[in-house]
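Analysis of the macromolecular model
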Amino acid sequence: MSVIDILTRVDAICNKYDRYDVEKQKDLNVSGDDAFARLYASVDSDIEAALQKAELASKEKSKASAVAINAELRRTKARLLEEVPKLQRLAIKKVKGLSTEELAARNDLVLALPDRIQAISDGTAAAPKQAGGWGASAPRAEIKFDSGDLFTCIEAVLNNGQFDNEYFQETETSSQFRQEYEMRKMKQDQGLDMISDGLDTLKNMAHDMNEEMDRQVPLMDEIDTKVDRATADLKNTNVRLKDTVNQLRSSRNFCIDIILLIIILGIAAYLYNFIVVEALIPSVLELIFRLPLKVKCWSSSHVSLKLFVMDQLMLALLLFVKWEVFLKKHLPLQCAEVKKMKTLPNLFPWRSDVGFFLL
Amino acid sequence: MPISDPDKLISKADKLTKLSLTRWSADWRNATLLYEEAANLFRVAKNNEKAKEAFEKASKGQEMLSSYFLNEKIRPWDAAKHMESAAALAKELGYWNEVTDFYRRASELYMECGRPQPASDALAKGARALEDDMPEAAVQLYNDASAILEEDGKEQMAFDLYRAATSVYIKLEKYSDAASSLLQLGLAADKCNATNSQCKAYLGAIIIYLYAHDFKQAEKCYNDCSQVDAFLRSDQNRCASKLLSAYTEGDIEEIKRVVQSSTVSNLDHVVIKLARKLPTGDVSALKTDAGKEEEEPLDENDLT
């Protein structure tokens, strides 16, 4: 257990058993019979309490609580001052068991009381005594109306009935404070001036911007209409283009294209047929077939060699003529050609099949 | 066109346009195209003289086209554009008369197209080009341009023109004209409910009158402007009244202080310059004048 704990416990026990402390009770009882003593004791304790509160107030940082405590102190002081006359009356009364010296002493005590009560500082400076009455209230951080000054004034008036010149004497601190105040005000004014200039410029700019916007509004409307028109035109053009392209690729045109293609191919095939199948190939085939026959004839009679050669020549000539005829686009044989062809078989009277071949 | 030589183009175009036995009507369309090309080439080659001629001819060609083909509304537009380019080149070359002519012609063509906005723009450009050398003509152009805009009902655009005209007038030291153009600005601003510009214009006019040492006129102007509600309620009004009262009292310091205030600093540059130079001449003379005027009525009263 620590010392502090011991002390606390001792105190508590003492308080508890104070009742049984005969000596103390005797002291208290002494004053129990004596009204004066009682009253005096109570006043004394009040004064002590007030002194303690005054000390607390002086240490107090917050002005508001200090002021409250001071006000309470003043009230207490006033009450105590009221009690003083009562005490005086009681002091004069003779009480049994009291010596004359004590009586006189009591009187003195009672007389000393008011002074002691006044001495309790309640934040108001005892102005008539102190020269720097106003000065005491001067060094303050904020400008606040302290009722203490007023009370001091009123007290002075009530107590002394006159104003001392010293009341209104400015101390150094107060004039310094005033100077500082003026400087700060000037600086604030300067700052405010700058701000007002800036605001003026802003206002002007804002007004100009407003007017500019008003100017732009109809222009924007115009742009809006024009662009709307352009979009409509574009849309229209797009649709038309789409239609045109679709038309180009439509199925009807496609079928027509195919049919025409087929017709062209058919014509080509027909032509191809005619040239190759009908005219050329048979002649070529004939030539091929005739060759072995010619060879046979020739082997049988070499006399007919001359004839054979002439035969071939004639055949070639015939082919050529036929080709010519075909080149003339398969026209019906002209009279001249027919005549030419008809005369030819006469060259070969010994050859009957050539005639068949010809016609 | 494979031919890149602008001279050849010009000669070709000329041939197309010249009427002769073989050619009964000038082929203006092709000729104009050739002229345009030649002009562009000249401009690139920095041959300003020729370029200007080419532009002139191109523009004339466009005009001819427009007269032949009345349904082609775009043509006067192109003609006007060419005129403007020709005018710009003329400005570079320093042919001031031609500049005015071209710009006026261009603006007329724009009006034909039914577009007053570019018309006034063309005149304004011309005026700006002429500001330095022919200020009177410039100011004339400015006034015409503002007239066109006012007719069209677009006063908002006219503000800038009025301000420019005012600055030219001040340069010419024609202070009453300058003040009157500012008052016209005020009128235009009133129609558009542009109160700030209006009040600034009125304050500027008053300052110009004071600068021209015409105190009576300034007072008259102030009284006229006070009739206008918007001016009455504005900062500029207070500033003007302060200025005038400072003048009547002959308080130079006060005048200087008013002039340094932000209200005056928000006005036009030229006006601020004038204001800073206030007070001109003898302010005390104005004071005695005002004093004398007060005495006379008393005398009359005495007589009657």
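Residues numbered from 1 in each chain as written. Chains lettered and ligands numbered in written order. Predicted model: local features only at pLDDT ≥ 70, side-chain atom pairs only at ≥ 80, totals over all residues. Heavy atoms only, no water.

A closer look at the overall build of chain A
When you go through chain A residue by residue, the secondary structure sums to 12 helices and zero strands. Element order for chain A, N to C, with α for helix and β for strand: α-α-α-α-α-α-α-α-α-α-α-α. The proportion of buried residues among the 359 residues of chain A is 19%. Long-range pairs, those at least 24 residues apart, make up 64% of the contacts in chain A with a sequence separation of at least 6. Of the accessible surface of chain A, which amounts to about 28,000 Å², a share of 64% is contributed by carbon and sulfur atoms. (Helix = DSSP H or I, 4+ residues; strand = E, 2+ residues; numbered from the N terminus. Buried < 20%, exposed > 50% of the residue type's maximum accessible area, 1.4 Å probe, protein only. Contact = heavy atoms within 4.5 Å. Areas by Shrake-Rupley, 256 points an atom, 1.4 Å probe, with all protein chains shown as cover.)

Quick notes on the overall build of chain B
Across its full length, chain B carries 17 helices and zero strands. In chain B, the proportion of contacts linking residues at least 24 apart, taken out of those at least 6 apart, comes to 57%. Carbon and sulfur atoms make up 49% of the accessible area of chain B, which amounts to about 15,700 Å² in all.

Some points on a nonpolar patch on the surface
All names here are of chain A. Judged by side-chain polarity, Leu280, Ile281, Val284, Leu285, Leu287, Ile288, Phe289 and Trp323 come together as a nonpolar surface patch covering roughly 720 Å² of accessible area. A per-element tally of the nonpolar patch places helix H9 (residues 251-300) first, with seven residues. Structurally, Leu280 can be placed in helix H9. With relative accessibility at 35%, the residue Leu280 sits in the partly exposed group. (Patch = residues over 30% accessible without salt bridge, like charges linked within 9 Å, V, L, I, M, F, W, Y side chains within 5 Å. Salt bridge = Lys/Arg side-chain N within 4 Å of Asp/Glu carboxyl O.)

Quick word on the UniProt feature "transmembrane region" (unreviewed entry) in chain A
Mapped onto this numbering, the UniProt entry gives "transmembrane region" (unreviewed entry) at residues 258-281 of chain A. Along residues 258-281 of chain A, the helical share is 100% and the strand share 0%, with 32 Å between the first and last C-alpha atoms. (UniProt positions renumbered as here; feature names shortened; annotations may be inferred.)

A word on the state of the cysteines
All names here are of chain B. This model, assessed by the stated rule, comprises zero disulfides over all chains. Free cysteine: Cys199, not disulfide-bonded; nearest cysteine sulfur from Cys225 at 9.3 Å. Note on Cys199: relative accessible area 2%, which makes it buried. (Disulfide = S-S within 2.5 Å.)

A word on unusual backbone geometry
All names here are of chain B. At Glu173, a residue that is not glycine, the phi angle is positive and equals roughly 65°. Along the chain, Glu173 turns up in the loop between helix H8 (155-171) and helix H9 (175-192). On the basis of relative accessibility, which here comes to 56%, the residue Glu173 falls in the exposed class.

Some points on helix H13 (residues 235-249) of chain B
Residues and elements named next belong to chain B. For H13, which comprises 15 residues, the first-to-last C-alpha distance of 21 Å matches the rise-based estimate of 21 Å (1.5 Å per residue) to within 8%. Restricting attention to buried positions, one finds in H13 the residues Gln236, Asn237, Cys239, Ala240, Leu243, Leu244, Ala246 and Tyr247. Among the residues trailing H13, Gly250 stands out with phi positive, at a value near 75°. (Expected span 1.5 Å × (residues − 1).)

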